[in-house]
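Each chain, letter by letter, is given below.
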Amino acid sequence: MSGRFLSLEGIDGAGKTTHLEALERRWRSQHADVVRTREPGGTPLAEKLREMVLHDAMDPLCESLLVFAGRRDHLATVIEPALARGAWVLCDRFTDATFAYQGGGRGFDLAVLGQLESWVQQGRQPDLTLWFDLPPAIAAQRLAAARQPDRFEAMDQAFFERVQAGYRARAEAQPQRFVRIDADQRVEAVAAQLQSELSRRGWW
Ligand code: TYD
């Protein structure tokens, strides 16, 4: 038995949380075993690492190592066992975020990230990735109204332009895995696009 693994991605403010919740409700109405999780985080150890990554000053190598350390624990103790028993796994961010934020945003070495990815994931990737694509200028307006920002949310628009470019590069390199959602629409229109893309693939 093998389950399904879907990740959601996008810059801060792209609006994925609203749609993640709708998707989770939909899946729970259809499937007995649904696992909703997130990165950084998803296990007690990885949640501790998340706190550090989001709030403590560190360089991009340190940031990348902590993110991948958490990912290792998350894969070994949550995601792989869930997929092995046939669960539908919904993950709020995964490795594409590392390529976008540490690689694109921070300008960290993509070859090193690729090495960490292959050590930690042993070829495992989400089966499908929803990328909420929103212009950084619009995301910035949405974020301005948000709560106390973490280390990433506090970054300027130029940073998010680089993160955005990082996502675009990953999506272009792995088009079979990525579904681009135009997040620059009313929430109902975004939901409708998401639903039709997922229905077409047997994921809704
Ligand atoms: P986010 O998923 O937006 O959580 P919340 O909705 O609670 O704010 O926050 C996670 C932040 O971590 C986000 O700014 C992106 C960043 N991040 C990385 O820098 N690298 C990674 O590998 C991952 C998974 C996330």
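Shown above is the structure to which this text applies.
The structure presented is a predicted model; accordingly, all values stated were derived computationally and were not measured. (Residues numbered from 1 in each chain as written. Predicted model: local features only at pLDDT ≥ 70, side-chain atom pairs only at ≥ 80, totals over all residues. Heavy atoms only, no water.)

Regarding the site of the ligand
With respect to spatial proximity, 17 residues lie near the ligand, and among them Asp12, Val67, Arg93, Thr98 and Gln102 are the closest. Here an oxygen atom of the ligand and a side-chain polar atom of Arg50 are 3.2 Å apart. Arg71 is positioned such that a nitrogen or oxygen atom in its side chain is 3.3 Å from an oxygen atom of the ligand. Considered on its own, the ligand offers 540 Å² of accessible surface; in the complex 89% of this is hidden by protein. Contributions of two or more residues to the shell around the ligand are made by helix H2 (44-55), helix H3 (60-84) and helix H4 (95-105). When residues in the shell around the ligand are grouped by element, the largest group, four residues, is from H4. (Near = heavy atom within 4 Å. Polar contact = N/O pair within 3.5 Å; in protein donor to acceptor, adjacent residues only side chain to side chain. Areas by Shrake-Rupley, 256 points an atom, 1.4 Å probe, with all protein chains shown as cover. Helix = DSSP H or I, 4+ residues; strand = E, 2+ residues; numbered from the N terminus.)

Quick notes on the nonpolar core
Ranked by size, the top nonpolar core spans 39 residues in total, and within it Leu6, Tyr101, Leu130 and Phe132 carry the most contacts. Counting residues per element, this core draws most heavily on helix H7 (residues 157-173), which supplies five residues. Apart from residues no more than four positions distant in its own chain, Leu6 is found in contact with Leu23, Trp27, Val89, Leu90, Cys91, Leu128, Leu130, Leu198 and Trp203. One finds Leu75, Val89, Leu113 and Leu116 within the second-largest nonpolar core, a separate group that totals 16 residues. (Core = buried A, V, L, I, M, F, W, Y, C linked by side-chain atoms within 4.5 Å. Buried < 20%, exposed > 50% of the residue type's maximum accessible area, 1.4 Å probe, protein only. Contact = heavy atoms within 4.5 Å.)

Everything listed here is a matter of coordinates, which is why it stays silent on function.
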